Each structure stands twice: as C-alpha cells, then as structure tokens.
Amino acid sequence: FMRMNPPEFHGSRAGEDPQMYVDEIKKITQIMHVIEEESVELASYRLKDVAYDWVQMWNKGREEDTAPVTWQLFQDAFLDRFFPLELREAKIEEFMNLRQGSMSVKEYCLKFNQLSKYAPNMMADSRTSMSKFLTGVSSYVVKECRSAMINREIDLPRLMIHAQQIESDKIKERERVRGIKRVR
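The notes below deal with the structure included here. (Residues numbered from 1 in each chain as written. Predicted model: local features only at pLDDT ≥ 70, side-chain atom pairs only at ≥ 80, totals over all residues. Heavy atoms only, no water.)

**Points about unusual backbone geometry**
- A positive phi angle, near 60°, is found at His33, a position not held by glycine.
- Position of His33 relative to the elements: it lies in the loop between helix H1 (18-31) and helix H2 (36-45).
- Here His33 falls in the exposed class, since its relative accessible area comes to 73%.
- The phi dihedral of Asp49 falls on the positive side, at around 50°, and the residue is not glycine.
- Here Asp49 shows up in helix H3 (residues 49-61).
- Asp49 gets classed as partly exposed once you look at its relative accessible area, which sits at 42%. (Helix = DSSP H or I, 4+ residues; strand = E, 2+ residues; numbered from the N terminus. Buried < 20%, exposed > 50% of the residue type's maximum accessible area, 1.4 Å probe, protein only.)

In structure tokens form, the structure reads like this:
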C-alpha cells in the first residue's frame, strides 16, 4: 500500500481536498484488490492530526455490535465532516456555471475534468457529458464539435482532443492570415 504513495489527509491544512483524498485511496485499494473493511483501515492509517482525531472519535461512537465499516459508510462520514454539503454544492454550482471564457480549450478541459467529479449525475452518460462540455466551450470551436458529436464513435475524451485541435488549427490559421496581411 505504501509503495503506491497514498496521500495523507490532515483535516487542518488549507488547500486539502477531501474528495481527492477518498478518490485516491479508493483507486489504490481497488488496484490492489483490497476488501472494503481493509480499505477503511488503510484510509484511516493515512489520516493525520485533526483527521486522525476525528476517525478515532467516530470509531468510538459506533456501537460495538455493529457490522464492519463499509467504504461507503466511511466515505460518507468523512466527507460530511471534512467536505460539508454546502461546499460540495458550491463545487457542483461551479461546474454547472463553468465557461471557457479566457481559458484555452486545454485549460477548460482540465477544469471541466477536475470539477466533474463533484457532479457525477451530470456525467451519467456519454451524450450528457459531451453536451455539458459544449455548453461551456467557446463559440470558436462549438460548431465543429457539435458536428463531431453526430459521429457515434466519439466520446468525451475524444471530443476534448478534437476541440483542442480545432482551436489550435484556428489559431494557426489566424496567425497565418495576419502574417500575410503584414507582408502586404
């Protein structure tokens, strides 16, 4: 487990992302084929400071005769404590309102992927996720992307790459035209 370089979570440091913590621990334990109860133990082991104190209190507060802690139970309790509903809803709203604006398509794609994990229901299927992506991408590339969506072989990652290529091509073309105008 430690060879996989699992993150630590302190619960008291600015910039810590509780969702990223549970996602990373879950990813590592799934790759290792660790059973749920052990996943919770490993996640608890990587908690430090305030977060460690919380998990100790949380475990003591549970009835002795209750079933072993499932990953879902741990994750829900952990996120309720360190990533309150109000903050989660703010991330969902940020995702819903995400627009490319002055970002490049690549930067928009990265931000889209980063925020989409907070709104999994908005990413339920390929068509919905691609449509959400297009609602925020620049009008500079949206027409070509909508045409590409007609193709049944396209999915969100391919659409993102396609949008980046369109933007790159249009920037190169604009610079080429500007170069020709300067020569005249």
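**Regarding the packing of H3 against helix H4 (residues 71-82)**
- At their nearest, the axes of H3 and H4 sit 11 Å apart, and the two run at 130° to each other. What the angle tells us is that H3 and H4 run oblique. Considering the relative orientation of H3 and H4, their crossing is right-handed. Touching Val50, Ala51, Trp54, Val55 and Trp58 of H3 are Leu73, Phe74, Ala77, Phe78, Arg81 and Phe82, all from H4.
- Partitioning the contact of H3 with H4 into residue classes produces 10 nonpolar, no polar and 1 charged. (Axes fitted to C-alpha atoms, helices over the stretch in contact; angles between N-to-C directions. Parallel < 35°, antiparallel > 145°, perpendicular 65-115°, else oblique. Left-handed = near helix turned anticlockwise from the far one by under 90°. Contact = heavy atoms within 4.5 Å. Nonpolar A, V, L, I, M, F, W, Y, C, P; charged D, E, K, R; others polar.)

**Quick word on H4**
- Helix length check: H4, at 12 residues, gives a terminal C-alpha distance of 16 Å against a target of 16 Å (1.5 Å per residue), a fit within 8%.
- Taken as a whole, H4 has its buried residues at Trp71, Phe74, Gln75, Ala77, Phe78, Leu79 and Phe82.
- Against H1, H2, H3 and helix H5 (85-96) lie the buried residues of H4. (Expected span 1.5 Å × (residues − 1).)

**Some details on the environment of Ala43**
- You can see Ala43 is positioned in helix H2.
- Classification of Ala43 by relative accessible area gives buried; the value is 0%.
- Leave out the neighbours within four places in its chain, and Ala43 touches Tyr21, Ile25, Trp71 and Phe74.

**Description of the side chain of Ser39**
- Among the structural elements, Ser39 can be located in helix H2.
- Looking at Ser39, the relative accessible area reads 2%, which means it is buried.
- Setting aside anything within four residues of it in sequence, one finds Ser39 in contact with Ile25, Thr29, Val34 and Trp71.

**Some thoughts on the packing of aromatic side chains**
- With the rule as written, the count across this model stands at 17 aromatic pairs.
- Summarising the aromatic geometry, the rings of Trp54 and Trp58 are spaced 5.6 Å apart at their centres and angled 20° between planes, so their arrangement reads as stacked. Of this pair, Trp54 and Trp58 are both found in helix H3, 4 residues apart, which corresponds to roughly one turn of the helix. In this structure, Trp54 and Trp58 share a single accessibility class: buried.
- A centroid spacing of 5.1 Å and a plane angle of 45° characterise the contact between Phe78 and Phe82, whose relative ring orientation is tilted. One end of the pair is Phe78 and the other is Phe82, both in helix H4 and 4 residues apart, which spans about a single turn. Here Phe78 and Phe82 have matching classes, each one buried.
- One aromatic cluster is present, built from ring pairs that chain together Phe9, Tyr21, Trp54, Trp58, Trp71, Phe74, Phe78 and Phe82. (Phe/Tyr/Trp six-rings, centres within 6.5 Å; stacked < 30°, edge-to-face > 60°.)

**Concerning the environment of Glu38**
- Structurally, Glu38 can be placed in helix H2.
- Judged by relative accessible area, Glu38 falls into the partly exposed class, the value being 40%.
- For the pair Glu38 and Lys132, spaced 94 residues apart in sequence, the C-alpha to C-alpha distance is 37 Å.

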